[in-house]
Amino acid sequence: MNACELAELLFPNVTQTPEEAEAQYPARELPEGAKVTRVAPSPTGFVHFGTLFPAFVSERLAHQSGGTFYLRIEDTDSLRYVPGAEQDLVNTLSYYGIRFDEGPAVNGITGNYGPYWQSQRKETYHIFAKQLVREGKAYPYFPTDEELAALKQVNKKEENKNKDWAAQAQAAQAAQEARRTAWKETAEKSVAQGRPFVLYILADGDGEKKVFFTDLIKGKVEFPENEEDFVLLKSDGIPTYHFAHAVDDHLMRTTTVVRGEEWLPSLPKHLQLFRYLGFKPPKYLHIAQLMRMEGTSKKKLSKRDKGAALADYKAMGYPRASVIEYVFTLLNSNFEEWRRANPDKPWEEFPFSVKKMSISGALFDFDKLNDVSKNVISRMTAEEVYDGVLAWAQEYDPDFAGLLTAQPDIAKAAFAIGRGGNKPRKDLTVWADTKAYMGFFFDSLYTVQDMYPDPFDKSDIRNALTAFKDSFDPADDQQTWFDKIKDIAGSIGFAPDMKAYKAEPDKYKGHIGDVSMFLRVAVTGKMNAPDLYAVMQILGRDATLARIDTILNTILS
Ligand code: GLU
């Protein structure tokens, strides 16, 4: 049987030619230099934080060049199929502002280069598989029943542990030799019996020789040529990643493949496949895995580590803008500098550049994320903070959301404290912080959390609070208000300013800061709170005095 006959035998129903398939996916009409990129996730039910890195890089490369950015769902692995995972993935990427031009979107499907689900592209893969067989570049293997059963086991790798690798390589080589010709005896009979087959590539590489390639981040890389006959179609006719990658990225006219570094060692296989199929390979950009520090050593940020699950960031209360900002901070070394110069510009205006990416990969660090998030929130308007907190609270703290909606003016005024101006306050890291930060504005959340420190005499505190009550007038401007507190300090033996106190500390019972603290604890319940003058302005006369009264009649009575 010759190769053409074998191709007919294996794929009798494939009537379309590669040329006809090509015609369905014409070259895209895009401006010179425009890049076509994609995100090609496998919906396994877990969206890793690291997913955002290739996604943003691909998005930027396409949209900064006037190109196209699409989503392709790599759902060929039925063993890893998780219901609902795909929708979750689409929603998560959309939540973080990843906008696709084509593919499954939150509100349906767009684009002329589909289907965008690999599970719907079986016929297309078979057209090219048939071509490879016809040209003698691929061959079938009909597994025995035992081999078929073994193929279905997920954890085959485990069995290989502690084996003699040299012996194993030799055995694999021998098996490959045997497999290459086995079909000559078995194909006809096996097809007649309806037995499934696995399609292998007939590798022409020489492991002693090198194949060179230029990665967009790593520069020139070299690998041994591929001499392994790897699988193109599994026994159920579904393609492997390698085969689907070549067919899909070619037909969908991807110019630049951005993917995880774990695929780099497969590159010789992919280049071989593109050559066999007569396709021009895309440009590749392999992104290093996200690492974290453990003691002094770097570890992969793996699934179980805190921070690995993208879904957790929303629950932890990180504004989406903070997460995006953090990703760009890690992606491009000059992003923070740009941000300082352009505090109000959207990230889309940042001139993202592959040259500013780090080869060795980014180091994930919560401290840095928190720092970025504080800055992001500090630049928001009170209205934006209110909206962000409310959306978070509606999902994760409905009681708090109820308070925010019942008294929006109080909440917005509270968020406005210290906001705007050149040096906005950086009190908030995540939305989840806000309740502790400003919850005391709501009577139902107000409690005295910080007790007055021991060294102060109850009667001094009582005298200070009483005097303040008598003098408080919400119509006072901040200076007048503060001058009154200074007077009170002086009248009870506390230094009215810090300079006087520092010069002669023994002369005083304390200083103006202590007297302010007496008031702060009474009115906010806490030693640390936003600007007290502003707090009292928002609370108003009645609530301020009522709280002072309560303290006088309870803790200080
Ligand atoms: N489905 C592959 C993965 O999730 C995609 C790799 C690629 O982008 O080509 O790793």
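Residues numbered from 1 in each chain as written. Predicted model: local features only at pLDDT ≥ 70, side-chain atom pairs only at ≥ 80, totals over all residues. Heavy atoms only, no water.

Novice: An account of the sheet that holds strand β13 (residues 297-300) is needed here, citing residue identities and associated values.
Specialist: Pairing is mixed across the open sheet formed by three strands, whose spatial order is β13-β12-β14. Every interior strand has two partners, whereas the edge strands, β13 and β14 (363-364), have only one. (Pairing = 2+ DSSP bridges. Helix = DSSP H or I, 4+ residues; strand = E, 2+ residues; numbered from the N terminus.)

Novice: For the pattern of salt bridges, give the residues involved together with the corresponding values.
Specialist: Applying the stated criterion across every chain yields a total of 31 salt bridges. The partner of Glu8 in a salt bridge is Lys130, with the nearest N and O atoms 3.1 Å apart. You can see Glu8 sitting in helix α1 (residues 3-10) and its partner Lys130 sitting in helix α5 (residues 122-134), a full 122 residues away along the chain. Under the relative-accessibility criterion, Glu8 is labelled partly exposed at 41%. For Asp443, the salt bridge is made with Arg547, and the minimal N-O distance between the two is 2.8 Å. Of this pair, Asp443 sits in the loop between α18 (434-438) and α19 (458-471) while Arg547 is found in helix α23 (residues 532-553), placing the two residues 104 residues apart along the sequence. One continuous salt-bridge network, built from bridges that share partners, spans Arg38, Arg72, Glu74, Arg121, Asp248 and Asp249. (Salt bridge = Lys/Arg side-chain N within 4 Å of Asp/Glu carboxyl O. Buried < 20%, exposed > 50% of the residue type's maximum accessible area, 1.4 Å probe, protein only.)

Novice: Mind laying out the environment of Phe56, listing which residues take part and the relevant values?
Specialist: For Phe56, the location among the structural elements is in helix α3 (residues 52-64). Each C-alpha atom, one on Phe56 and one on Ile98, is 7.0 Å from the other, the two residues being 42 residues apart in sequence. Residues within four places of Phe56 in sequence aside, it is in contact with Tyr96, Ile98, Ile324, Val327, Phe328, Leu331 and Trp347. (Contact = heavy atoms within 4.5 Å.)

Novice: Describe helix α10 (residues 267-277), and please don't skip the residues or the numbers.
Specialist: One turn of the α-helix equals 3.6 residues, which is why residues spaced by three or four share an orientation. In terms of residue burial, α10 counts as a mostly covered element, since ten of its eleven residues are buried. Residues of α10 that are buried include every one of Leu267, Pro268, Lys269, His270, Leu271, Gln272, Leu273, Phe274, Tyr276 and Leu277, and no others. Positioned one or two residues after α10, Gly278 has a phi angle of 75 degrees, which is positive.

Novice: Describe the nonpolar core, with residues and values.
Specialist: In terms of nonpolar packing, the biggest core is built from 154 residues, with Phe49, Phe243, Leu404 and Leu465 touching the most fellow members. Considering every element that reaches this core, the biggest residue donor is α23, with ten residues. (Core = buried A, V, L, I, M, F, W, Y, C linked by side-chain atoms within 4.5 Å.)

Novice: Outline the side chain of Gln131, supporting the account with residue identities and numerical values.
Specialist: Here Gln131 is to be found in helix α5. In this structure Gln131 comes out as buried when scored by relative accessible area, which is 11%. When neighbours within four sequence positions are excluded, Gln131 is seen to be in contact with Pro18 and Leu277.

Novice: Account for the site of the ligand, with residues named and values stated.
Specialist: Lining the immediate surroundings of the ligand are Arg38, Ala40, Ser42, Glu74, Tyr241, Val258, Arg259 and Trp263. Taking Tyr241, its side chain carries an N or O atom lying 2.4 Å from an oxygen atom of the ligand. Measuring from an oxygen atom of the ligand, one finds a side-chain N or O atom of Trp263 at 3.3 Å. Coverage of the ligand by the protein amounts to 81% of the 300 Å² it exposes when considered alone. (Near = heavy atom within 4 Å. Polar contact = N/O pair within 3.5 Å; in protein donor to acceptor, adjacent residues only side chain to side chain. Areas by Shrake-Rupley, 256 points an atom, 1.4 Å probe, with all protein chains shown as cover.)

Novice: Which residues make up unusual backbone geometry, and what are the values?
Specialist: Each neighbour pair has its own omega, and for Gly114 with Pro115 the value is 0 degrees, a cis peptide bond. As for its placement among the helices and strands, Pro115 is situated in the loop between β4 (108-110) and α5. One non-glycine residue, Arg253, adopts positive backbone phi at about 65 degrees. Within the secondary structure, Arg253 is located in the loop between α9 (241-251) and β10 (256-260).

Novice: So, the pairing of strand β8 (residues 219-224): which residues are in play, and what are the values?
Specialist: When strand β7 (residues 210-215) meets β8, the two strands line up antiparallel, connected through six bridges. If you follow Phe213 over to β8, its bridge partner there is Val221. Two successive antiparallel strands, β7 and β8, enclose a turn made up of three residues.

Read these as spatial facts, not as claims about activity.
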